[in-house]
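Summary of the model geometry
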Amino acid sequence: MTSTHGGAATATPLQHSRLRPPLFEFEPIVPPAAEGLMRGTALPRLLLLHAPPGFGKTVLMATLYRRHRERGLPCAWVTLDDRDHGLDALVGSILAALAPPVAGGQAGQRAPACAGTDRLTELQRRLARLQAPLALFVDNLHYCTDEGLGALLNAMVFDSGQPLRLVLSTVHELPMDLGRARLELGAIQLGPTQLVFDRQCSAHLFRQQGFEALDDAEMARIQQQTEGWPAALRLLTVLAQQHGSVAGALRQFPAQSADVAQVLTQRVLKGFEPALVRFLHEIAVLREFSLPLAQQVTGDARAARWLQLLRARNVLIFTLDGQGEWLRLHTLLRHHLLADAQALLPPGRRQQILLAAAQWHAGHGHMTQAIDLAIEAEAFAAARAWLDRAATQVVADRGLLGQFMRWVDVLNAAGCPPSQDTLAWYIWSLCFTRQPERALQVIDTLTANDTPHADATHQGLRLQRAVALAHCDATRPCQENAEAWLAHDDGRDAHGRCIAHACLAVCELAVDAPLAARRHLMLAEGAIAHTASFYGRAWVEAVAGCILLALGSPAEAERRLAGAKGDLTAALGRDSDPIRTIDFIRARALMDLGRTEEAHASALAGLDQAGRHGVTDCVIPGLSVCATAWQPDDADFARRLEAVALSYPPRLQRLLHAFLLRRLLRLQLHDEAREMARTGGLLAMAEPPRPEMAPSWNCGQLRLVRVELMAINGHAAQALDQAAAQIKQARGAGRIRELVDWHLLAAGIHLQGGEQARALRQFALAIGQAAPRQMLGPFDEHRHTVQAILQHARAKDFGFTQPQELDFLAQLRAPVPPAAAGPCEPTPTAAAEHMTARERQVLELLGLGLDNQQIADQAGISVPTVKWHLYNCYAKLGVKTRIAAVTRARHIGAIA
């Protein structure tokens, strides 16, 4: 559900500069407290630099970064600024920093196209797969004020394992468990008292600037006046150069200053000629600048001269890129200049500078910078025009959903809403970040606005409303809006037709009507073929897989989804959300084909990302597979399944309840199933949901569970009557997968009642439906019924004449499924590929003979987390015991 509208936008060196430390025109000086870090061969698990601006945090971090890079330690760098308030911006920047280099040697040129919890899960996945030590440096972390920051930091510090080293700088206290980090991990915190320069460092700094012979009295006064504050000392060297001596500079410096940096800054600026001071006031408006940009916004022909002078005198100016083209002022100096500029710059000059900078960036294709600056300048019309050009690139290509939504919110609040195409991306972004109700509120507001083009606007909003309603599981209103849009379609919007028919297909699927869903799917396929939307095609393929599964065609679903994944991975990326969605649905196809272990490995690998698969029906298949891997005593796993269900409308929570109930029934845990049913209210549901509720509930799984509960509670006759009625309905609606389940359920009930012949007939009917489709999965789930029937029945008792039916029966009789049905355990390559770094670590510790508590202590994680990792290992390796897991892992090369 995406738009194909977009505009050209190129990456700027400025974007990449945030992913590398700044360069300095001076030799960095390391305070005594940090010298050990420079000499050491490894960084601590956590190094925190916590001090106000001006204490050299960035300089020290950059020096550490380069020293450890020289020693061969992989390092990644992220710089935040005052635009990066949200967790999405932080996580997106880290992912970009961790991205492998692409053509031209630039790292992180394209961040994964995901957002919010998607990016968070992607980050967790990448960190869990670290095989070698990595030092991650995050400068200015205090700019992130998201309430989720504490949870993220604690997870990165305590759950990411030994390979990750964190080096963080902040002005404010961070919301993390620093005390625990000190005790358990040997974390180091450097504050103001550790970051100040001693007399030796200060003397070294002055010698760098040509002041060789400072006596003890002068050095004592320097230390007294600056208190060793690095920024103050650097400003004092500039002041000393202006006066020709340190003594002259000290005479200009009040002995009882309450704000050393402010006084020194004022004195330094006082020594510059007025034109240079004005130049500084104007470029301070910009967070970063280059010489061409500075010339553009100031109109000063002497810009090159001024920048050369500032860099020569080391006036707290940093280089951001390897070419020395992009610069920024030190935070202290910039804040002082901005405060002065409010009184010194002419009215409106700040807005002129921002707009000129925005226009310069737009002219060079740097659209995100252009939009940011235009909004800051309150040039909303320009921001809207650029946003309309860049929406596709910002959202689809770079995944900056949070930033994009903030821009749209500002423009809407300013009475300057963007185009319908951009609003389509906005509504899609809200749905994608699990905010469909907010999307509907936005649509209602826009619909209420009377505009000269109200009819066209409302037509476009009908389609966006259908998309949001599909995410809300509001089936009937979704259908009404999609059909209303199609009724007014002029035939020119192929992408819109695809979305409308895909919404209608999902609605039909939600009410157990896969045949009707398939008709709409065919129309959606025809429409998407006339567009170049890879996302649109991926979504159509995902819905197609769900429909084919409901129609009982797992082999066709598997072929189609595997083919779509192969075609789309190059365009969207292996780890993109559409590809993950396809994989999660494909797990159900593998399960229905009898490839149980392969299905479990695929579904479990995607479970943590399953909370972001869009509409409910795209997550049902994979979640149902995960439920078949649940062990009743595994509360942690149950909570993970529930967390996914809670990300969607209530229907999925109800269905998950049914999946877990079926799992208990398959394990013959009838008392536990009764209790779960009682607490969940299923036993009290005398009938399926009322007619007015039907469009909102997929009832097939609920009906199956309810009838099986009736049978185990002694109401076999009523259960069989219900099963007979449902068999007729499922056959008429084309729900073949469900039909096979009903036949097997009826066979089991007859078997419990001693009606062998009737059980045999229902079993034969199930095979008659399943054999042409190679649908082995339902028989594996009903293995107790299958084994009981096959134990006494002969092949001729079933009356089969078709070779495919006889072959299928032979497969059911075989103790191990033949190769044609798929591997019964993951191949070494597949299993090793799905194994995370943390799972390998746990298996290695397990191989040393450690128990769960000892593994938890060694890995720095909790015992429940150890159990969960072991459970995942069992599923991926196709084993059930600890010894077998270690043996299998060594056999396939997952561990040594």
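Because the structure is predicted, anything quoted here is derived from the model rather than measured.

The subject of this paragraph is the overall build of the protein. Summing up its helical and strand segments, the protein has 47 helices and eight strands in all. The buried share of the protein, taken over its 896 residues, is 58%. Contacts spanning at least 24 positions in sequence make up 71% of the contacts within the protein whose residues lie at least 6 apart.

Judged by pairing direction, the sheet is parallel, and its five strands sit side by side in the order β2-β3-β4-β1-β5 without closing on themselves. Edge strands, defined here as strands with exactly one partner in the open sheet, are β2 (75-79) and β5 (188-190). Across the sheet, the mean angle from the axis of one strand to that of its neighbour is 10°, orientation sign disregarded. Of the strand pairs in this sheet, strand β3 (residues 134-139) and strand β4 (residues 164-170) are connected by five bridges, and their pairing is parallel. When the bridges of β4 are listed, Phe137 appears paired with Val167.

To continue, consider the pairing of β4. Of all the seven residues making up β4, seven are buried; the element is thus mostly covered by neighbouring parts of the structure. Residues Leu164, Leu166, Leu168 and Thr170 of β4 are buried on one face, and the alternating residues Arg165, Val167 and Ser169, pointing to the opposite face, are buried as well. Strand direction decides the pairing type here: strand β1 (residues 46-50) and β4, joined by five bridges, are parallel. The partner of His50 across the bridge, within β4, is Thr170.

Turning to the packing of aromatic side chains, a few remarks are in order. Across all of its chains, the model carries 10 aromatic pairs by this definition. Aromatic pair Tyr65 and Trp77: ring centres 5.7 Å apart, planes at 85°, arrangement edge-to-face. Placement of Tyr65 in helix α3 (residues 57-70) and of Trp77 in strand β2 is noted, with a sequence separation of 12 residues between them. With centroids separated by 5.5 Å and ring planes inclined at 5°, the aromatic side chains of Phe798 and Phe800 adopt a geometry described as stacked.

You can see Asp857 is positioned in helix α45 (residues 852-859). Given a relative accessible area of 55%, Asp857 falls into the exposed group. As for Asp857 and Glu184, which are separated by 673 residues in sequence, their C-alpha atoms are 9.8 Å apart.

A separate point is the confidence of the model for the protein. Predicted confidence across the protein gives a mean pLDDT of 82, with 88% of residues reaching 70 or more. Per-residue pLDDT stays below 50 along residues 1-11; that stretch engages in 39 contacts with residues further than four places along the chain or on separate chains. When the criterion is pLDDT under 50, residues 816-830 qualifies, and its contacts beyond four places in sequence or with other chains add up to 22 contacts.

With that settled, consider helix α37 (residues 716-733). Taking 1.5 Å per residue as the helical rise, α37 with its 18 residues ought to reach 26 Å, and the 25 Å between its terminal C-alpha atoms agrees with that figure. What α37 keeps buried is the set Ala719, Leu720, Ala723, Gln726, Ile727, Ala730 and Ala733. With its buried residues spanning 150° around the axis, α37 presents them on a single face. The outward face of α37, more than 90 degrees from its buried face, is lined by the exposed residues Ala717, Asp721, Lys728 and Gly732. Remark: Gly734 follows α37 within two positions and exhibits a positive phi of approximately 80°.

The next subject is the packing of helix α44 (residues 837-847) against helix α47 (residues 882-892). Closest axis-to-axis distance for the α44/α47 pair is 10 Å, and the angle between their directions is 115°. Here α47 runs roughly perpendicular to α44, going by the angle between their axes. The handedness of the crossing between α44 and α47 comes out as left-handed. Contact residues: α44 offers Leu843, Leu846 and Gly847, while α47 offers Arg882, Ala885, Val886, Ala889 and Arg890. Residues belonging to the contact of α44 with α47 are distributed by class as follows: five nonpolar, one polar and two charged.

Turning our eyes to something else, we now look at the pattern of salt bridges. Within the structure shown, the criterion is met by 42 salt bridges. Asp81 is the partner of Arg18 in a salt bridge, and the nearest nitrogen-oxygen pair spans 2.6 Å. Of this pair, Arg18 sits in the loop between α1 (13-17) and α2 (35-39) while Asp81 sits in the loop between β2 and α4 (87-98), placing them 63 residues apart in sequence. Side by side, Arg18 and Asp81 carry an identical accessibility label, which is buried. Where Glu273 meets Arg305, a salt bridge forms, and the shortest distance between an N and an O atom there is 3.3 Å. In this pair, Glu273 sits in the loop between α13 (260-270) and α14 (274-283) while Arg305 sits in helix α16 (residues 303-312), placing the two residues 32 residues apart along the sequence. Residue Glu273 is classed as partly exposed on the basis of its relative accessible area, which comes to 37%.

Once that is clear, we can look at the state of the cysteines. Applying the stated criterion across every chain yields a total of zero disulfides. With no disulfide partner, Cys507 has as its closest neighbouring cysteine sulfur the one in Cys478, 3.4 Å distant.

What counts, and at which threshold
- Residues numbered from 1 in each chain as written.
- Predicted model: local features only at pLDDT ≥ 70, side-chain atom pairs only at ≥ 80, totals over all residues.
- Heavy atoms only, no water.
- Helix = DSSP H or I, 4+ residues; strand = E, 2+ residues; numbered from the N terminus.
- Buried < 20%, exposed > 50% of the residue type's maximum accessible area, 1.4 Å probe, protein only.
- Contact = heavy atoms within 4.5 Å.
- Pairing = 2+ DSSP bridges.
- Axes fitted to C-alpha atoms, helices over the stretch in contact; angles between N-to-C directions.
- Phe/Tyr/Trp six-rings, centres within 6.5 Å; stacked < 30°, edge-to-face > 60°.
- pLDDT = per-residue confidence, 0-100.
- Expected span 1.5 Å × (residues − 1).
- Arc of directions from axis to C-beta.
- Parallel < 35°, antiparallel > 145°, perpendicular 65-115°, else oblique.
- Left-handed = near helix turned anticlockwise from the far one by under 90°.
- Nonpolar A, V, L, I, M, F, W, Y, C, P; charged D, E, K, R; others polar.
- Salt bridge = Lys/Arg side-chain N within 4 Å of Asp/Glu carboxyl O.
- Disulfide = S-S within 2.5 Å.

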